[in-house]
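Per-entry structural report
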Amino acid sequence: MNERNYSRVTEFVLLGLSSSKELQPFLFLIFSLLYLAILLGNFLIILTVTSDSRLHTPMYFLLANLSFIDMCVASFATPKMLADFLVERKTISFEACLAQIFCVHQFAGGEMVLLVSMAYDRYVAICKPLHYMTIMSRRVCITLVIIPWFVGFIHTMSQLAFTVNLPFCGPNQVDSFFCDLPLVTKLACTDTYFVSLLIVADSGVLTLSTFVFLVISYTVILITVRNRSSASMAKARSTLTAHITVVVLFFGPCIFIYAWPFNGYSVDKVLAVFYTIFTPILNPLIYTLRNKEVKAAMSKLRGRYLKPGQVSELIRNVLFM
Ligand SMILES: *[C@@H]1O[C@H](CO)[C@@H](O)[C@H](O)[C@H]1NC(C)=O
């Protein structure tokens, strides 16, 4: 096609999570509640970790940073999805669509690498306990937080650079609730073989390699833990189970979407709900329900800001404003 001969698409149409009209109000309600829970839960983790000096350790700093990325992952697409449940024609401008592509790869890519940072922290704590304090210095800890954002940025820009200039000349229906790379490149009026290959090579390889790396490191850690006394083993195992649960639920859908190029796309949007909604809600659940230290810190926090009777009053005020 002649470069000058197409009229450029200025907006895309999102087909949304479900085409059923009756389901829209129901989905709106469910996902609004989930989104609220994500924001509240992760905000509470950050507040707890920053305000309690006993939680000022690398593991909890990394956890608070994971909560922050989780809020980002949940927020780049969900508010738009919620608004779209209420309207019939769900459109998104070309620029906003690119912004969503940028965000999903920046945040999700960052989260993957942050999970590697957290695994490294646990590896040092469990396999080299005597050197933990010297190895995990403040500088190392900050580096472990910055690298994920940096890798995420390189990762997303390397793909976006080849997407911005694709010619979009007519088809503009994106069969999902946000713009993602495989769905949008499919609409370009040109041979997208190279870009598709790039997506698999870039997103697929990042996803698979971090996943394999995490599986290996957690296996090493678990083998080390097995040879320990049962008391330290029980505590370590509970932390590790939490980490491994997050890793499996986050990576499962991502591997299926990006590293497996031959799938049907309608499955993809259901899977996308897993890493944009379900994983972000998981951290607060896992870490507040299972972790004694976090629970203790949270009740202390509550005691500091609110008298017992005030909690229910606050909830009442929020609900019936
Ligand atoms: C993220 O980690 C850094 C470095 O450890 C820490 O200073 C910062 O408070 C953490 N961020 C959040 C939101 O907790």
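All chains use their own residue numbering, which begins from 1 and follows the written sequence. Restriction of local features to residues with pLDDT of at least 70 applies here, the model being predicted, together with a cutoff of 80 or more for giving and counting side-chain atom pairs; totals for whole chains, interfaces and linings are based on all residues. Only hydrogens and water are removed before side-chain values are computed, so all heavy atoms of the structure are retained for them.

Notes on the layout of surface pockets
- What the second largest pocket holds in volume is close to 600 Å³.
- Lining of the second largest pocket is provided by 27 residues; of these, Met59, Arg122, Lys235, Thr239 and Glu293 occupy positions nearest its centre.
- Of all the secondary structure elements, the ones that give two or more residues to the lining of the second largest pocket are helix H2 (58-75), helix H4 (94-127), helix H5 (132-135), helix H9 (230-259), helix H10 (265-290) and helix H11 (292-305).
- Starting at the N terminus, helices and strands are each numbered in turn, a helix being any DSSP run of H or I of at least four residues and a strand any DSSP run of E of at least two. In terms of residue count, H9 provides more of the lining of the second largest pocket than any other element does, nine residues in total. A cavity here means a set of points on a 1 Å grid, drawn over the protein atoms and nothing else, where a 1.4 Å probe fits but cannot get out; a pocket is an open set with protein on both sides within 12 Å along at least five of seven lines, and a residue lines either one if it has an atom within 4 Å of a point. Grid points are joined across faces, edges and corners, and a volume is the space filled by probe spheres set on the points.

Looking at the confidence of the model for the protein chain
- One number per residue, pLDDT, summarises how confident the predictor is, and it ranges from 0 to 100. On average, residues of the protein chain score 84 in pLDDT, and 88% of them are at 70 or above.
- Mean pLDDT values for the elements of the protein chain range from 55 in helix H12 (residues 308-319) up to 94 in helix H6 (residues 138-163).

Describing the packing of aromatic side chains
- Each aromatic pair joins two rings of Phe, Tyr and Trp (for Trp, the six-membered one) with centres within 6.5 Å, and gets the label stacked for planes under 30 degrees apart, edge-to-face for over 60, and tilted for any other angle. Enumeration according to the criterion identifies 14 aromatic pairs in this entry.
- Ring geometry for phenylalanine 68 and tryptophan 149: centres 6.2 Å apart, planes at 50°, overall tilted. Placement of phenylalanine 68 in helix H2 and of tryptophan 149 in helix H6 is noted, with a sequence separation of 81 residues between them.
- Phenylalanine 68 gets classed as partly exposed once you look at its relative accessible area, which sits at 42%.
- Overall, tryptophan 149 belongs to the partly exposed group, its relative accessible area being 28%.
- Ring geometry for phenylalanine 250 versus phenylalanine 251: centroids 5.7 Å apart, planes at 90°, classification edge-to-face.
- Only protein chains enter the area calculation, which uses a 1.4 Å probe; residues under 20% of their type maximum are buried, those over 50% are exposed, and those in between are partly exposed. Assessed through its relative accessible area of 0%, phenylalanine 250 is described here as buried.
- Using a relative accessible area of 0% as the deciding quantity, one classes phenylalanine 251 as buried.
- The structure contains a cluster of three or more aromatic residues connected by ring pairs, namely Phe211, Phe250, Phe251 and Tyr275.

Considerations on the site of the ligand
- Whether a residue is near a molecule or strand is decided by its heavy atoms; if any one of them lies within 4 Å of it, the residue is near. Taken together, Phe61, Ala64, Asn65, Arg138, Cys141, Ile142 and Val145 make up all the residues around the ligand.
- Each polar contact in these results corresponds to two N or O atoms within 3.5 Å; when the atoms are within protein, one needs to be able to donate a hydrogen and the other to accept it, and residues that are neighboring in sequence are counted only if both atoms are side-chain atoms. A distance of 2.3 Å separates an oxygen atom of the ligand from a polar side-chain atom of asparagine 65.
- Within the side chain of arginine 138, a nitrogen or oxygen atom sits 3.1 Å from an oxygen atom of the ligand.
- Exposure was quantified through the Shrake-Rupley algorithm and a 1.4 Å probe, taking into account, for residues, occlusion by the shown protein chains and nothing else. Surface burial for the ligand is 77%, taken as the share of its 360 Å² of free accessible area covered by protein chains.
- For the shell around the ligand, the secondary-structure elements that each account for two or more residues are H2 and H6.
- Residue polarity is assigned by list, with Asp, Glu, Lys and Arg as charged and Ala, Val, Leu, Ile, Met, Phe, Trp, Tyr, Cys and Pro as nonpolar; anything else, Gly included, falls into the polar class. The residue makeup of the shell around the ligand, split by class, is five nonpolar, one polar and one charged.

A short note on empty space enclosed by the protein
- Per the counting criterion, the structure on display carries six cavities of 30 Å³ or more.
- Lining the largest cavity, in full, are Val104, His105, Ala108, Gly109, Met112, His155, Ser203, Leu206, Thr207, Cys254, Tyr258 and Tyr275.
- For the lining of the largest cavity, the secondary-structure elements that each account for two or more residues are H4, helix H8 (193-226) and H9.
- The dominant element in the lining of the largest cavity, judged by the number of residues it contributes, is H4, at five residues.
- Within the lining of the largest cavity, the residues separate by chemical class into seven nonpolar, five polar and no charged.
- What the second largest cavity holds in volume is close to 60 Å³.
- Forming the boundary of the second largest cavity are Ser176, Phe178, Asp180, Pro182, Leu183, Ile257, Asp268, Lys269, Ala272 and Tyr275.
- When residues of the lining of the second largest cavity are traced back to their parent elements, those giving at least two are helix H7 (181-185) and H10.

Some details on the environment of isoleucine 45
- Structurally, isoleucine 45 is set in helix H1 (residues 23-51).
- Along the chain, isoleucine 45 and alanine 297 lie 252 residues apart, while their C-alpha atoms are 9.9 Å from each other.
- In what follows, a contact means two residues having at least one pair of non-hydrogen atoms within 4.5 Å. For isoleucine 45, the contacting residues outside a window of four places in its chain are Leu63, Ala64, Ser67, Asn283, Pro284, Tyr287 and Met298.

Comments concerning the UniProt feature "transmembrane region" (unreviewed entry) in the protein chain
- UniProt positions are given in the numbering used here, feature names are shortened, and annotations may be inferred rather than shown by experiment. With numbering aligned to this structure, UniProt lists the feature "transmembrane region" (unreviewed entry) at residues 26-47, 59-78, 98-120, 140-162, 193-220, 240-260 and 272-289.
- Between the first and last C-alpha atoms of residues 98-120 the distance is 33 Å; the span itself is 100% helix and 0% strand.
- The distance from the first to the last C-alpha atom of residues 140-162 is 34 Å, and the span holds 100% helix and 0% strand.

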